[in-house]
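# Per-entry structural report
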Amino acid sequence: MLELQLDELKEYLRIDGSEEDTTLALFISAAIEYLTEAGVPEDKHGTARYKLAVMLYCAINYEHRDPAEKIEKFNFSLESLILQLKTG
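Here's what I pulled together on the structure shown here.

About the thresholds
- Residues numbered from 1 in each chain as written.
- Predicted model: local features only at pLDDT ≥ 70, side-chain atom pairs only at ≥ 80, totals over all residues.
- Heavy atoms only, no water.
- Core = buried A, V, L, I, M, F, W, Y, C linked by side-chain atoms within 4.5 Å.
- Buried < 20%, exposed > 50% of the residue type's maximum accessible area, 1.4 Å probe, protein only.
- Helix = DSSP H or I, 4+ residues; strand = E, 2+ residues; numbered from the N terminus.
- Contact = heavy atoms within 4.5 Å.
- Salt bridge = Lys/Arg side-chain N within 4 Å of Asp/Glu carboxyl O.

### Some remarks on the nonpolar core
Of all hydrophobic cores here, the largest spans 24 residues; its most connected members are Leu9, Leu13, Leu24, Leu35, Val54, Cys58 and Leu78. Residue assignment for this core shows that the elements contributing at least two residues are helix H1 (6-13), helix H2 (21-37), helix H3 (48-63) and helix H4 (76-87). With ten residues, the top contributor of residues to this core is H3. When neighbours within four sequence positions are excluded, Leu13 is seen to be in contact with Leu24, Ala59 and Tyr62.

Here's what the structure looks like:
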C-alpha cells in the first residue's frame, strides 16, 4: 500500500524543518477524508494516483491558507484525478 509520508509531502512542497509538521499532518488527514467523501473507493487508496491526489489537495490548501483568500475552484489536476479514481 502506498501511504503518503510526511517527509514525502514536505519534499513535494519544498519545506525544510519541522515547524509545519502538525499542519501538514492535518492536511493529509483532511485530504484522505475529502477523497473518501468525494466517492473514491477504498481499493484505490493504495495507488500512485491516490497518493498524488492527496499531495495536490495538501499543496492547494497549504498555498491558500489565508482565510480571506477565496479558492474559486479546485485545481483541474486534482479534479481529474478524483474522477479517474472514482471511475477507473
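### What about unusual backbone geometry?
The phi dihedral of Arg14 is positive, around 60°, even though this residue is not glycine. Its place among the elements puts Arg14 in the loop between H1 and H2.

### Thoughts on the pattern of salt bridges
Enumeration over the complete set of coordinates arrives at two salt bridges. The closest approach of N and O atoms between Lys51 and Glu8, which form a salt bridge, is 2.7 Å. With Lys51 in helix H3 and Glu8 in helix H1, this residue pair connects regions lying 43 residues apart in the sequence. By relative accessible area, Glu8 is classed as partly exposed at 29%. Linking Asp21 and Lys10 is a salt bridge whose minimum nitrogen-to-oxygen distance equals 2.9 Å. Of this pair, Asp21 sits in helix H2 while Lys10 is found in helix H1, placing the two residues eleven residues apart along the sequence.

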